[in-house]
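Summary of structural features
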Amino acid sequence: MPLIIKDEYPEKLFREDGKRLDGRDKHELRPIKMEVGVLENADGSAYLEWGNNKIYAAVYGPREVHPHHLAKPDRGILRVFYRMATFSVFDRKRPAPGRREKEISMVITDCLEPVLFLELYPGTSFEVFINVMDADGGTRCACTTVAALALADAGVPMKSLVTAVAMGKIDGELITDLSGIEDKAGEADLPCAMTWFNEELSLLQFDGKMDLEEFSKCLTLGKEALTKIHEIQLDTLKKKYIEIQEELKGGENEQ
Ligand code: UDP
């Protein structure tokens, strides 16, 4: 990929051979790698590499709410803290959380809340701390995906996992899983998230221009991409439990 300096974007987002600048086909996902139980001091945690995005999520709870005035007597609350490291983007990011981080924290909270049984935990909170160490487009989707995994790793009862992906349009073509440069220089960006217990969208944002037919096609293609990512989430969780099972078997054999 050519070196991008500040706001200089390439004129074309497809190469001569019809591939995207990073070599992908139109509806190919970036490589995705997930792991759970990566942080010793959290109740649950997960790590995600999604293309050039590198993200950690740590979960605590249910626990006492601080500050106390935020507690709800009839239900628990979910608090999400999305942060980008100063070194995570080309231009140094200011360390203090800005408006964008607050918005994305709120968006991720809304994505995750429908799968939790918050009514069973009055007066308590679940807290999800998400740190983006390297950012390259679609971080709100990647963070939603890794946060759901960390909640599951913490043993928090959930109706299902939540999975997110950004669909979009570049140079007149619909594409799946926008990279940073495609997000900035493309025509449209459509992040969406799905809660699997009811197969409903818990996030649908839209920035740019496309007609209704394209919008509808994006949702169909989005579901295909979400299904593949959901399978990786499930495999990651299963892998952890298979490892625990094997450790237990090993212990029994030693006795
Ligand atoms: N970005 C950046 N500097 C910032 C914020 C974002 O370079 O201060 C980049 C980063 O790669 C991010 C991309 O712009 O992933 C798109 O950001 P957006 O706000 O659209 O959210 P995202 O696509 O990450 O959910």
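Conventions adopted
Residues numbered from 1 in each chain as written. Predicted model: local features only at pLDDT ≥ 70, side-chain atom pairs only at ≥ 80, totals over all residues. Heavy atoms only, no water. Axes fitted to C-alpha atoms, helices over the stretch in contact; angles between N-to-C directions. Helix = DSSP H or I, 4+ residues; strand = E, 2+ residues; numbered from the N terminus. Parallel < 35°, antiparallel > 145°, perpendicular 65-115°, else oblique. Left-handed = near helix turned anticlockwise from the far one by under 90°. Contact = heavy atoms within 4.5 Å. Nonpolar A, V, L, I, M, F, W, Y, C, P; charged D, E, K, R; others polar. Core = buried A, V, L, I, M, F, W, Y, C linked by side-chain atoms within 4.5 Å. Buried < 20%, exposed > 50% of the residue type's maximum accessible area, 1.4 Å probe, protein only. Near = heavy atom within 4 Å. Polar contact = N/O pair within 3.5 Å; in protein donor to acceptor, adjacent residues only side chain to side chain. Areas by Shrake-Rupley, 256 points an atom, 1.4 Å probe, with all protein chains shown as cover. 1 Å grid on protein atoms, 1.4 Å probe; cavity = no way out; pocket = protein on both sides within 12 Å on 5 of 7 lines; lining within 4 Å. Points joined across faces, edges and corners; volume = space filled by probe spheres on them. Phe/Tyr/Trp six-rings, centres within 6.5 Å; stacked < 30°, edge-to-face > 60°. Lys NZ or Arg CZ within 6 Å of the ring centre and 35° of its normal.

Helix-helix packing is characterised by the crossing angle of the two axes and by the distance between the axes. Here helix 2 (residues 139-153) crosses helix 4 (residues 212-254) at 25 degrees, and the two axes come no closer than 11 Å. Overall, the two elements helix 2 and helix 4 adopt an arrangement that is roughly parallel. By crossing handedness, the relation of helix 2 to helix 4 is classed as right-handed. Where helix 2 approaches helix 4, its residues Thr-145, Ala-148, Leu-149, Ala-152 and Asp-153 are matched on the opposing element by Ile-229, Gln-233, Thr-236, Leu-237, Lys-240 and Tyr-241. Among the residues making up the contact of helix 2 with helix 4, the classes are represented as six nonpolar, three polar and two charged.

Moving on, we come to the nonpolar core. Among the nonpolar cores identified, the biggest contains 60 residues, and Leu-112, Ile-130 and Val-165 are the most heavily contacted of them. For this core, the element with the highest residue contribution is helix 2, accounting for ten residues. With residues up to four places along the chain from it excluded, the contact list for Val-165 reads Leu-29, Trp-50, Cys-141, Asp-177, Leu-190, Pro-191, Cys-192, Gly-222, Ala-225, Leu-226 and Ile-229. Counting residues in hydrophobic clusters, the runner-up holds seven residues, among them Leu-21, Ile-170, Ile-175 and Leu-178.

Attention now moves to the site of the ligand. In the neighbourhood of the ligand, the contacting residues comprise Met-84, Val-89, Arg-100, Ala-135, Asp-136, Gly-137, Gly-138, Thr-139, Arg-140, Asp-183 and Lys-184. At 3.4 Å from an oxygen atom of the ligand is found a main-chain nitrogen or oxygen belonging to Ala-135. Taking Thr-139, its side chain carries an N or O atom lying 2.5 Å from an oxygen atom of the ligand. Across the complex, the protein chains shield 76% of the 500 Å² of accessible surface that the ligand would expose by itself. When contributions to the shell around the ligand are tallied by element, the ones reaching two or more residues are helix 2 and helix 3 (180-185).

Along the polypeptide, Arg-79 turns up in strand 4 (residues 77-84). Those residues in contact with Arg-79, other than ones at most four positions away along the chain, are His-66, Pro-67, Leu-70, Phe-126, Glu-127 and Val-128.

Gaps between atoms show up when a probe of the same size as a water molecule is rolled over them. The calculated volume of the second largest pocket comes to roughly 210 Å³. Lining the second largest pocket, in full, are Met-34, Glu-35, Val-36, Asp-235, Thr-236, Lys-239, Lys-240, Glu-243 and Ile-244. Secondary structure elements with two or more residues in the lining of the second largest pocket: strand 1 (32-36) and helix 4. In terms of residue count, the dominant contributor to the lining of the second largest pocket is helix 4 (six residues). When its residues are assigned to classes, the lining of the second largest pocket shows three nonpolar, one polar and five charged.

In this section: the packing of aromatic side chains. One pass over the structure, following the stated rule, counts five aromatic pairs. Judged by centre distance (4.6 Å) and plane angle (40 degrees), the ring pair of Tyr-47 and Tyr-56 falls under tilted. When its relative accessible area of 10% is taken as the criterion, Tyr-47 is described as buried. Pairing Phe-206 with Phe-215 gives two aromatic rings, centres 6.0 Å apart and planes at 80 degrees, and the pair type is edge-to-face. Judged by relative accessible area, Phe-206 falls into the partly exposed class, the value being 38%. With relative accessibility at 24%, the residue Phe-215 sits in the partly exposed group. The structure contains a cluster of three or more aromatic residues connected by ring pairs, namely Tyr-60, Phe-81 and Phe-129. Between Lys-159 and the ring centre of Phe-117, over which it is positioned, the NZ or CZ distance is 5.3 Å.

Keep in mind that these numbers describe shape and distance, not what the molecule does.
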